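# Residue-level structure breakdown
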Amino acid sequence: MRLSIASGVATGAVAIALYPLFQGGDWFWSSVGVILVVTGIGVLAGRYALPGWLAPPAQVLGVWIYLTAVFAGDEAWGKVVPTWDSIARLDRLLTTGFADIQRFAAPVPDSTGIVLLTCGGVGLIAVLVDVLAARLRRAALTGLPLLALFTVPAAVVAEPISWPAFIIGALGYLGILVADGRERVSHWGRAVLVRRTSSFTVTRPTPSDSGALRLSGRRIGFTAIALAVLLPALLPTMEPNPLFGFGVGNGRGGGNSISIPNPMVNLRGQLSLPENSTVLTYQAGDRTARYLRMYSLDIFDGEQWTMSEPRGRPEDRTSDAPMPPPPGQGTGVPVTPTTLSVTVSDQVRRLSFLPLPYPVSKVTVAGDWRPDRDTLMVFSTRNTAGGLTYQAVTAEPEPTADRLKAAAPPATAIRERYLTLPENLPDEIRQLALQETERGSSPYEQAIQLQEFFTETGGFTYSLATQGHDGPALTDFLIRNRTGYCEQFAASMAVLARVLGIPSRVAIGYTGGSVTSGGWQVRTHDSHAWPELYFEGTGWLRFEPTPAGGAGQGSATIPSYTRPEVTPDTPDEPSTAPSSGPAASDSPTGAANDRREEMLDREFGGVLTPVDEGMPLAAKIGIGVAIALLVVLIPAMIRWQLRLRRDRAYSRAGDPARPRSGRAVDPAGGGRAAPDSGAATSPSEVRVIRWEPAVTAAWAELDDALCDYGMARQASESPRALSRRLAEQYVFEPEAAAALARIAAAVERMLYARTPGEIGTLREDMRSVRRALAATVTRGRRIRAVLLPPSTLLRMRALGGRVLDGFDRLENIRLRGLARKGA
């Protein structure tokens with residue numbers, strides 16, 4: 001009972017670490033309920049001394065009934081008992097939950113499907129922890145499933161795990177170890193105090209002094225937890241974020257390092273959030289919407305786009321000097337400076353990069369903000385952007401098509417950094433880049449053709465129900481399904497541009513947003529990714545391969561310099577002055593935003609993608625039953641393979657093959673060979689060796705058959721005595737009795753005779769003996785011997801015991817040098 005309660009408490013304590021994954025708390029209370037069900041069944045099983053194997057199935061059944069009552073009670077019989085309708089309801093919720101997980105990024109909403117998945121997963125973890133702690137008495141191994149549960153938020157959420165959640169989870173695991181220790185110590189009994197006098201002896205039992213042991217264990221556990229939490233805060237770290245979110249370089253202020261999030265993960269998360277929150281507002285002097293960039297990703301390793309670590313010089317502080325000149329931008333490019341005033345929402349947390357147009361010539365902002373000279377990203381190691389208001393003077397180039405066509409080859413430093421591709425990039429992607437730009441005669445024209453390939457001629461579809469920009473996902477997007485959102489479009493065009501020799505990188509930030517009465521409003525669903533391509537003399541230019549409008553990223557715009565029919569002096573479309581009248585709603589930007597709102601934000605800027613219902617419920621149940629049958633039949637298949645192998649040994653008994661060794665076999669020792677005497681092998685011994693595998697296999701098969709049919713074999717019983725007893729006890733037919741006697745005689749001659757003599761056909765003898773043994777037991781016993789052979793189950797149990805014993809031995813490993821020093 002104590003261990004079951006400790007297991008439930010530990011599971012609940014570790015489950016608290018899942019809180020960053022959810023927006024609400026419904027998941028927690030549902031998980032607490034399923035933990036209480038598992039713990040209650042475990043306590044009852046211990047209270048009434050039920051067989052250990054019965055508790056886990058009962059707990060799984062309890063989890064099923066609980067999930068049915070909570071999530072499909074209306075379709076269940078009496079709100080509790082599962083029915084076909086309730087099973088179908090749970091199946092639909094699971095399908096929806098899996099789809100929601102693909103659509104949303106953490107923190108996800110508490111939808112019924114997601115809560116069901118979480119509740120079921122926590123319940124199964126609770127069952128596994130209870131089995132290891134209370135049934136198998138392997139308390140230390142409970143750390144494995146608890147660790148699996150604990151690592152889910154660490155792997156999904158970019159934010160570090162809070163130290164209170166770690167302490168609570170660690171205390172839960174420590175509670176299991178303490179409960180197991182108390183359980184073991186309580187079985188030691190009581191100490192007996194013996195007092196002798198001259199006339200008599202007095203014995204008095206005293207309680208076992210386990211308090212000191214428990215106290216020592218608690219001290220060790222608490223000390224380990226304290227060190228695990230405090231040491232990361234005291235020691236420098238190579239990573240931007242330590243595990244528990246504080247210490248050197250965590251981006252919370254102080255230190256000289258910066259917290260670098262995963263821009264792609266953050267992008268997906270903001271696009272998929274159900275609540276379209278305001279990120280910032282801005283006003284522009286020329287009343288034109290602009291993309292606002294935060295991150296510049298320049299490294300593609302075949303798996304993902306990442307950015308080099310930004311470097312800011314002290315002399316480049318925005319408060320002390322203007323921004324560095326844009327890389328590659330010559331003096332002859334026309335530039336129209338415009339001032340933007342940006343206000344970041346105070347609800348934005350831990351943003352260390354300023355959203356800015358590219359490029360900017362001056363930034364006026366409070367705090368220690370520095371630009372990276374190569375990318376012009378503006379970041380801070382001490383301040384965050386939440387609640388800030390700052391001004392930026394843009395220096396956006398307005399190149400002509402002729403100037404871009406005549407651009408010189410990029411500089412060597414640019415080529416080396418922005419043309420690198422992995423050697424294992426698929427050839428079909430390289431061929432696709434050449435195929436879609438056959439008409440291009442200059443890098444600029446090739447870039448426009450790539451953009452048209454994504455937006456017009458390639459048949460691409462915008463949808464948030466797609467994830468990934470790594471190698472396999474990139475190939476699927478470009479070659480097969482051609483469905484994705486801005487992440488795939490931007491990453492793919494940047495890769496194709498590098499294939500063509502055009503330097504490229506991926507920018508992460510926001511589109512221009514939607515027009516308001518006082519300027520523009522940028523919200524989370526305006527998060528965007530786009531490629532930037534480099535042209536010598538002009539510098540880095542934005543391209544837009546992502547579809548715009550109601551069927552794409554609603555507020556995305558195509559740059560004017562990528563449309564030759566539009567003069568360079570015409571601003572990017574849509575370009576709309578802020579207005580409070582009807583003109584605002586009639587603008588392209590406002591109309592696109594209205595269309596997005598009319599879509600009920602079901603895909604938050606993308607096309608409505610229906611949830612794939614998958615295969616019918618009956619097919620799922622059939623597959624589940626088939627998998628369960630295969631699992632159940634594993635012992636039978638192992639037994640069958642063993643019999644086939646032994647049959648082959650019988651058939652090779654008479655082969656004139658050269659013997660491998662001069663050793664005989666000890667059947668009573670499980671088929672192990674006796675030590676080689678080293679003497680020369682005589683012809684008679686060669687005959688013995690030739691029959692060794694067959695006789696060993698026959699004896700082992702007879703031993704397994706007796707075990708499968710529930711017939712005992714005494715350890716001290718000789719082969720001849722066993723043969724006689726079986727034939728007399730079960731009244732074998734003469735043929736079967738003779739076959740059994742021949743097998744026993746062959747074994748004894750192998751063990752004791754100088755020459756083996758004549759050995760008959762062991763295969764036929766073994767078949768005759770098996771039929772005779774099967775005829776003496778009931779039909780149920782024969783079915784069990786075939787489907788669940790006890791001999792195989794005992795082997796599997798022994799193997800599992802050896803594995804668990806191996807874990808126990810790890811706890812006792814000591815270095816030999818230390819042992820010698822102690823001696």
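From a predicted model like this one, the values you see are computed outputs, not experimental measurements. Every residue gets a number counted from 1 within its own chain, in the order that chain's sequence is written. Reporting of local features is limited, given that this is a predicted model, to residues whose pLDDT is at least 70; pairs of side-chain atoms are given and counted only at 80 or more, and all residues count toward the totals for whole chains, interfaces and linings. Side-chain numbers come from the whole structure's heavy atoms, not from hydrogens or water.

## Here's the deal with helix α13 (residues 443–457)
Worth spelling out the cut-off: With a 1.4 Å probe rolled over the protein chains alone, any residue whose accessible area is under 20% of its type maximum counts as buried; one over 50% counts as exposed, and the rest are partly exposed. Secondary structure is summarised from DSSP: a helix means a run of H or I of at least four residues, a strand means a run of E of at least two, and numbering begins at the N terminus for each.
Listed in full, the buried residues belonging to α13 are Tyr444, Gln446, Ala447, Ile448, Gln449, Leu450, Gln451, Phe453 and Phe454. In the stretch just after α13, glycine 459 is the one whose phi turns positive, near 70°.

## Here we look at the pairing of strand β11 (residues 389–394)
Residues in a regular strand point their side chains to alternate faces of the sheet. Defined as follows: By definition, two strands form a pair when at least two bridges between them are found by DSSP.
Every second residue of β11 is oriented toward a common face, the buried set being Tyr390, Ala392 and Thr394 and the non-buried set Thr389, Gln391 and Val393. Where strand β7 (residues 338–344) lies against β11, six bridges are found, and the strand directions are antiparallel. Looking at the pairing, leucine 340 lines up with alanine 392 of β11. In this sheet, β11 lies alongside strand β8 (residues 360–364) in antiparallel orientation, the contact comprising four bridges.

## Some words on the pattern of salt bridges
Applied cut-off: Whenever a carboxyl oxygen of Asp or Glu lies within 4 Å of a side-chain nitrogen of Lys or Arg, that contact is scored as a salt bridge.
Overall, the coordinates contain 25 salt bridges when judged by the stated rule. Residue lysine 79 pairs with aspartate 74 through a salt bridge whose shortest N-O separation is 2.9 Å. Among the salt bridges present, the one from glutamate 532 reaches arginine 505, with a minimum N-O distance of 2.7 Å. Taken as a pair, glutamate 532 in strand β17 (residues 527–535) and arginine 505 in strand β14 (residues 504–510) lie far apart in primary sequence, 27 residues in all. Residue glutamate 532 shares its accessibility class with arginine 505, and that shared class is buried. Each of the salt bridges in this network shares a partner with another, and the network as a whole consists of Arg639, Arg643, Arg646, Glu701, Asp704, Asp708, Arg770 and Arg795.

## Quick look at the nonpolar core
Nonpolar side chains tend to gather and get buried jointly when the protein is soluble and globular. Applied cut-off: Each nonpolar core is a collection of buried residues, namely Ala, Val, Leu, Ile, Met, Phe, Trp, Tyr and Cys, held together in the definition by side-chain atoms within 4.5 Å. By definition in these notes, contact holds between two residues if any of their heavy atoms fall within 4.5 Å.
Of all hydrophobic cores here, the largest spans 80 residues; its most connected members are Tyr282, Leu354, Phe454 and Leu478. By residue number, the principal contributor to this core is helix α15 (residues 486–499), which donates nine residues. Setting aside chain neighbours within four positions, we find leucine 354 in contact with Arg293, Met294, Val363, Val365, Trp369, Val378, Ala385, Leu388 and Tyr390. If you look at the next biggest cluster of nonpolar residues, it comprises 43 residues, including Ala15, Val63, Leu149 and Ala179.

## A few points about helix α21 (residues 719–729)
The cut-off we apply is this: Think of the arc as the fan of directions from the helix axis to the C-beta atoms.
Residues Pro719, Leu722, Ser723, Leu726 and Ala727 constitute the buried set of α21. The arc enclosing the buried residues of α21, seen along the axis, measures out at 125°, which places them on a common side. Turned more than 90 degrees off the buried face of α21, the exposed positions are Arg720 and Glu728.

## A short note on the sheet that holds strand β4 (residues 292–297)
Here is the rule: Axis definition: a line fitted to C-alpha atoms, limited for helices to the stretch in contact. Angles are taken between N-to-C directions and run from 0 to 180 degrees.
Judged by pairing direction, the sheet is antiparallel, and its four strands sit side by side in the order β4-β14-β17-β18 without closing on themselves. Strands at the two margins of the open sheet, each flanked by one partner only, are β4 and β18 (539–542). Strand-to-strand, the axes of this sheet are offset by a mean angle of 35°, without reference to chain direction. As paired elements, β4 and β14 share five bridges and run antiparallel to each other.

## Observations regarding the packing of aromatic side chains
As a reminder, the rule being used: Two rings belonging to Phe, Tyr or Trp (six-membered ring only in the last case) form a pair when the distance between their centres is within 6.5 Å. Interplanar angles under 30 degrees mark stacking, angles over 60 mark edge-to-face geometry, and anything in between is tilted. Only Lys NZ and Arg CZ are tested; either one counts as a charge over a ring when it is within 6 Å of the ring centre and within 35 degrees of the ring normal.
Across all of its chains, the model carries 21 aromatic pairs by this definition. Through a chain of ring-to-ring contacts, three or more aromatic side chains come together here, namely Phe453, Phe454, Phe460, Phe477 and Phe489. In this structure, arginine 505 is placed above the aromatic ring of tyrosine 358, and the distance from its NZ or CZ to the ring centre is 5.4 Å. Above the plane of the ring of tyrosine 291 lies arginine 542, whose end atom (NZ or CZ) is 3.7 Å from the centre.

## Observations concerning the sheet that holds strand β16 (residues 519–523)
Reading across from one edge, β8-β11-β7-β3-β16-β15 is the order of the six strands in this open sheet, with antiparallel pairing throughout. Where the open sheet ends on each side, the last strands, each with one partner, are β8 and β15 (514–516). On average, each strand axis in the sheet is inclined to that of its neighbour by 25°, with strand direction left out of account. Direction of pairing for β15 relative to β16: antiparallel, over a ladder of three bridges. Pairing of serine 514 across the sheet is with glutamine 521, part of β16.

## Observations regarding the packing of helix α2 (residues 26–47) against helix α5 (residues 112–135)
Definition in use: Oblique is the label for any angle not covered by the other classes, which are roughly parallel (under 35 degrees), roughly antiparallel (over 145) and roughly perpendicular (65 to 115). A crossing counts as left-handed when the near helix is turned anticlockwise from the far one by less than a right angle, and as right-handed when that turn is clockwise. All residues other than Ala, Val, Leu, Ile, Met, Phe, Trp, Tyr, Cys, Pro, Asp, Glu, Lys and Arg, Gly among them, are scored as polar; the first ten of these are nonpolar and the last four charged.
Their axes nearest at 9 Å, the elements α2 and α5 cross at an angle of 30°. Comparing the axis directions of α2 and α5 gives the class roughly parallel. In this structure, the crossing between α2 and α5 has a hand that is right-handed. Between α2, through Asp26, Trp27, Ser30, Ser31, Val34, Ile35, Val38, Gly42, Ala45 and Gly46, and α5, the contact on the second element is made entirely by Val115, Thr118, Cys119, Val122, Gly123, Ala126, Val127, Asp130 and Arg135. Residue composition of the contact of α2 with α5, by class: 10 nonpolar, six polar and three charged.

## Topic: the environment of cysteine 119
The residue cysteine 119 is located in helix α5 in this model. In sequence terms cysteine 119 and leucine 67 are 52 residues apart; their C-alpha atoms lie 7.9 Å from each other. Residues within four places of cysteine 119 in sequence aside, it is in contact with Ser30, Ser31, Val34, Tyr66, Leu67 and Phe71.

## Some remarks on empty space enclosed by the protein
Rules: For cavity detection a 1 Å grid was placed over the protein atoms alone, and a set of points counts as a cavity when a 1.4 Å probe fits there but cannot get out; an open set counts as a pocket when protein lies on both sides within 12 Å along at least five of seven lines, with lining residues being those that have an atom within 4 Å of a point. Grid points are joined across faces, edges and corners, and a volume is the space filled by probe spheres set on the points.
Counted under the stated rule, the structure contains two cavities of 30 Å³ or more. One number sums up the size of the largest cavity: a volume of about 70 Å³. Lining the largest cavity are Arg293, Met294, Met323, Leu354, Leu356, Pro357, Tyr358, Pro359, Val360, Leu376, Met377 and Val378. When its residues are assigned to classes, the lining of the largest cavity shows 11 nonpolar, no polar and one charged. Approximately 40 Å³ is the volume attributed to the second largest cavity. Along the walls of the second largest cavity sit Ser4, Ser7, Gly8, Thr11, Ile35, Val38, Thr39, Ala126 and Asp130, which together make up its complete lining.

## Regarding the confidence of the model for the chain
For the record, the criterion: Known as pLDDT, the predictor's per-residue confidence is scaled from 0 to 100.
Scored by pLDDT, the chain comes out at a mean of 76, with 71% of its residues at no less than 70. Across residues 654–689, confidence stays below pLDDT 50; counting only partners more than four residues off in sequence or on other chains, it has 44 contacts. Across residues 814–819, where pLDDT falls below 50, the model places zero contacts with residues more than four positions away in sequence or in other chains.

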